[in-house]
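Each chain is listed here by its residues.
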Amino acid sequence: MTTKDRVLIRIDHIDAHHFLAIVPAWDPYSRALMPVDLLPNHLSMSLSSGDHVIARVNLGARTSSELNPSDFEEAPEPADLELVD
């Protein structure tokens, strides 16, 4: 059985049927085409280009088709950083 790691994914483009995802922990320079059906309905209706999600993927994948993403969830907003002088 393949181990899946919980990672941050950037949505590069999304339409009614597919989305292009960047999985920096796997390959920060490649985009993976994934079906929207993988996303929970509440996420697929609210996501747009540039948004982030968290999912479990196979980081040992040799190709994007082997990523086998699952367990998608909304990514939390980045914390505001307070700069100290």
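Quick note: structure is the one above.
Before going into details, it helps to say that this report is about the structure given with it.

### Considerations on the pattern of salt bridges
- One pass over the structure, following the stated rule, counts 3 salt bridges.
- The salt bridge involving aspartate 12 is made with arginine 10; its shortest N-O contact spans 2.9 Å.
- Of the residues examined, aspartate 12 reaches a relative accessible area of 23% and is grouped as partly exposed.
- Of the residues examined, arginine 10 reaches a relative accessible area of 31% and is grouped as partly exposed.
- Between aspartate 12 and arginine 31 there is a salt bridge; the shortest N-O distance is 2.5 Å. In this pair, aspartate 12 sits in strand β1 (residues 5-14) while arginine 31 sits in the loop between β2 (18-22) and β3 (32-35), placing the two residues 19 residues apart along the sequence.
- In this structure, a network of salt bridges that share partners links the residues Arg10, Asp12 and Arg31.

### Brief notes about the layout of surface pockets
- Considered as a void within the structure, the largest pocket measures approximately 220 Å³ in volume.
- Its residues assigned to classes, the lining of the largest pocket comprises 6 nonpolar, 3 polar and 3 charged.

### Considering the nonpolar core
- Formed by 20 residues in total, the largest nonpolar core has its most connected members in Ile9, Phe19, Leu39, Leu67 and Phe72.
- Among the secondary structure elements, those contributing two or more residues to this core are β1, β2, β3 and β4 (52-57).
- The residues contacting isoleucine 9, other than those within four sequence positions of it, are Ala21, Ile22, Val23, Asp51, His52, Val53, Ala55, Val57 and Phe72.

### A word on unusual backbone geometry
- Here the phi dihedral of asparagine 68 falls at roughly 45°; this positive angle occurs in a residue that is not glycine.
- Examined against the element boundaries, asparagine 68 turns out to sit in the loop between β4 and β5 (70-74).
- Positive phi outside glycine occurs at aspartate 71, with the angle close to 55°.
- By the element assignment, aspartate 71 lies in strand β5.
- By relative accessible area, which is 54% here, aspartate 71 ends up exposed.

### Here's the deal with the sheet that holds β2
- Taken together, the 5 strands give an open sheet; going across it, the order is β3-β2-β1-β4-β5, and neighbouring strands pair in antiparallel fashion. Strands with a single pairing partner mark the edges of an open sheet, and in this sheet they are β3 and β5. Strand after strand, the sheet turns through a mean of 40° between neighbouring axes, direction not considered.
- Sheet analysis places β1 next to β2, joined by 4 bridges and oriented antiparallel. Bridge pairing in β2 links histidine 13 to leucine 20.

Reading guide: rules and limits
- Residues numbered from 1 in each chain as written.
- Predicted model: local features only at pLDDT ≥ 70, side-chain atom pairs only at ≥ 80, totals over all residues.
- Heavy atoms only, no water.
- Salt bridge = Lys/Arg side-chain N within 4 Å of Asp/Glu carboxyl O.
- Buried < 20%, exposed > 50% of the residue type's maximum accessible area, 1.4 Å probe, protein only.
- Helix = DSSP H or I, 4+ residues; strand = E, 2+ residues; numbered from the N terminus.
- 1 Å grid on protein atoms, 1.4 Å probe; cavity = no way out; pocket = protein on both sides within 12 Å on 5 of 7 lines; lining within 4 Å.
- Points joined across faces, edges and corners; volume = space filled by probe spheres on them.
- Nonpolar A, V, L, I, M, F, W, Y, C, P; charged D, E, K, R; others polar.
- Core = buried A, V, L, I, M, F, W, Y, C linked by side-chain atoms within 4.5 Å.
- Contact = heavy atoms within 4.5 Å.
- Pairing = 2+ DSSP bridges.
- Axes fitted to C-alpha atoms, helices over the stretch in contact; angles between N-to-C directions.

None of this, on its own, says anything about what the molecule does.
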